[in-house]
Amino acid sequence: MDVSNRNASVTSANVRTQLAYKNRWRTLMHNPKILIIAFFASFGGFEYGYQQGVLGQSLVMTRFVDNFPSIVQSSSATGWLTSILQLGGILGSLSAGVLGEVFSRKYTMFSACCWVILGSYLYCGASYHNPKLLYAGRFFTGIGVGTFSGVGPLYNAEISAPELRGLLVSFYQFATILGIMLSFWIGYGSNYIGGIGDGQSNLAWRLPSIIQGIPAVFLAIGIWWLPFSPRWLVKKGRDEEALSTLAYLRNLPIEHELIQVEYKEIKTEALFEQRNFEKHFPNLAAKEKKSVWTREFAQYYQIVRTWDNFHRVSTAWLVMFFQQWSGIDAIIYYASNVFLSLGLTGGTQAVLATGITGVVFFVSTLPAMAVIDKFGRKPMLQVGSAVMFISMIIAGVMVAKFRHDWPGHAAEGWIVVAFIWVYVGAFGATWGPVSWTLVSEIFPLSIRAKGASIGASSNWLNNFAVAFFVPPMLESWAWGTYIFFAAFLAAGMVWVQFQLPETKGATLEDMDRVFKSKTGAEDAILFAEARQEIGLSMTLESEAVMAAEKGHHHESEKSGSHVETV
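Keep in mind it's a predicted model, so treat the numbers as computed, not measured. Going along each chain's sequence as written, the residues are numbered from 1 onward. Side-chain atom pairs in this predicted model are given and counted only at pLDDT of 80 or more, local residue features only at pLDDT of at least 70, and totals for whole chains, interfaces and linings cover all residues. Hydrogens and waters are ignored; side-chain quantities use all the structure's heavy atoms.

Engineer: Where do I start with the domain arrangement of the chain in this structure?
Structural biologist: Often the size quoted for an interface is simply the accessible area lost on bringing the parts together. Segmentation into domains, and thus their bounds, comes from an automatic or database assignment. Per the domain assignment, the segments of the chain are domain 1 (29-226) and domain 2 (306-505). Contacts: residue pairs with any heavy atoms within 4.5 Å of one another. Each partner contributes residues to the interface: domain 1 has 56 residues there, and domain 2 has 54 residues. We define buried area as the total accessible area lost by two parts upon association, computed with a 1.4 Å probe and summed across both. Here domain 1 meets domain 2 over a buried area of about 4600 Å², counting both sides, of which 70% is carbon and sulfur. Counted as salt bridges are all cases of a side-chain nitrogen of Lys or Arg within 4 Å of a carboxyl oxygen of Asp or Glu. Here domain 1 is connected to domain 2 by 2 salt bridges. One salt bridge connects arginine 448 with glutamate 158, and the closest N-O pair in it is separated by 3.2 Å. Here a polar contact is taken to be a pair of N or O atoms separated by no more than 3.5 Å, where protein atoms must pair a possible hydrogen donor with a possible acceptor and residues adjacent in sequence count only if both atoms sit in side chains. Scanning the region where domain 1 abuts domain 2 turns up 11 residue pairs in polar contact (both at pLDDT 80 or more).

Written out as structure tokens, the structure is:
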């Protein structure tokens, strides 16, 4: 009985999601505010991407080279200036796991805005042969964008319906790529301030950082009008507010069957997680109720106390590990340097090629957002990995063959550039949006903020390693760097195929089925008791399915009558 109830819940959620998926574009047309909220909450991704692209532009500007020769002439100093952003990102992403729980997802995003604003304008204060504020500015900016990465995709996942979750979480990657692209072209334009030679103005390298702080200011102001995450509200016992927020986000009345069943599924999951923890760790659970910091420690303890939780955190960590060691940020950070090494003459031509890289990245991300909830996560990762692998191998072979005489092989140099663009496009269409979606959606409510922050910290930790080691690798390994990243892409394909479950179409509360957890008899009984206490009955779920079917048929009839009228 109990187990059948659990299976009935799974079936109900699947059916509702499949029906809703068929109407997803009509749903968005009638409820565009969910897109606006998700895009606005993703401005943190814009700041992340902008920072990724802006330094690489500066490194080849005449005035920056003249002001800071100690950085430009040393591959280790260049690596430190690049990677100190990642050190801040690690700190910010890990702190987001605590701040996101204690102060809410949206207030944590506000704190991230403050860090980005501080870092952006400290960076501008660096002066001739005195680069200290460059390091400080990038470190504080790193804390801000790291905090964004730990809480922004999570917020979008928690406000999303399952049939739209891939699309809405992908806004974070979309904003990231938009930031990268704009930083490339702003860098290209500012490179001409005062000319590209000795007369170039210091504003050439400062202007991109000045512009960087502006979106953070807008987000810091506008964030107060964003709704709280309904799942965070449920976890905090603010049930009425959670219900009204769900109704607002779905554009349906509170009493609607779909709102009631979604709310009760969230509430059931929260109650089950609480009861399960109290059952296994009564002493810690008692202390947890008295101290907010004990509660935060308990959530971290939840991660390691069961294989299921540890498995999911490991999955998130490895998703970001393979994303970073695909080599994408090596290309983004050092694109101008890479293109210079391929024989593109002069910093301006290299910066132009880098700007095109940003456009390719941006354009390739758009179709991915539309199809991620249709094709699923695993197929997209596998196709993307294959295309990226082939591109890296071809680029590596050609660099090995022609790197000693690029002036005599200009056409081959441009072929390598073209394959780098193919590689970047494949990443933008697959690993970019899919990895952030996975990290934000696979965790149970009890550890979701902590798990997502650890997954984001993996992005920053591995990003740090890539940023730090790539300059000397490009210098000493040359073509071997491309083959190095191709090897990781091949390993990632094997891991995705055999270790990563498919999460397409599952509700956040249904991820236990996806990861085959809660299958024990005791857990099934505990879960059934939580369902009964919350009032999540099979009857209510059946009514919700009928409401979803009614909505689907109503939209189909409207569409058919519209065609007849035309």
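Engineer: Hey, could you run me through the pattern of salt bridges in this one?
Structural biologist: A side chain of one charge can pair with a side chain of the opposite charge when the charged atoms of the two come close. Applying the stated criterion across every chain yields a total of 20 salt bridges. The shortest N-O distance in the salt bridge between aspartate 239 and lysine 267 comes to 3.0 Å. Here the residue aspartate 239 occupies a position in helix H13 (residues 239-250), and lysine 267 occupies one in helix H14 (residues 257-280), the gap between them amounting to 28 residues. One connected set of salt bridges, linked through shared partners, spans Glu101, Arg105, Glu158, Lys235 and Arg448. Secondary structure elements are taken from DSSP: a helix is a run of H or I of four residues or more, a strand is a run of E of two residues or more, and numbering for both begins at the N terminus.

Engineer: Just checking my understanding: could you explain the environment of serine 209 for this structure?
Structural biologist: Tracing the backbone through its elements, the reader meets serine 209 in helix H11 (residues 203-222). Here the term buried applies to any residue with accessible area under 20% of the maximum for its type, exposed to any over 50%, and partly exposed to those in between, with areas from a 1.4 Å probe on protein chains only. When its relative accessible area of 4% is taken as the criterion, serine 209 is described as buried. The sequence separation of serine 209 and tyrosine 121 amounts to 88 residues, and the corresponding C-alpha distance is 7.0 Å. Residue contacts for serine 209: discarding those within four places in its chain leaves Ser120, Tyr121, Tyr123 and Cys124.

Engineer: Explain unusual backbone geometry to me, please; I cannot follow it from the model alone.
Structural biologist: Backbone geometry at serine 104 places phi at a positive 95 degrees, although glycine is not the residue there. Residue placement: serine 104 occurs in the loop between helix H7 (75-102) and helix H8 (105-123). The phi torsion at histidine 129 lies on the positive side, around 60 degrees, for a residue other than glycine. Positionally, histidine 129 belongs in the loop between H8 and helix H9 (132-159). Assessed through its relative accessible area of 48%, histidine 129 is described here as partly exposed.

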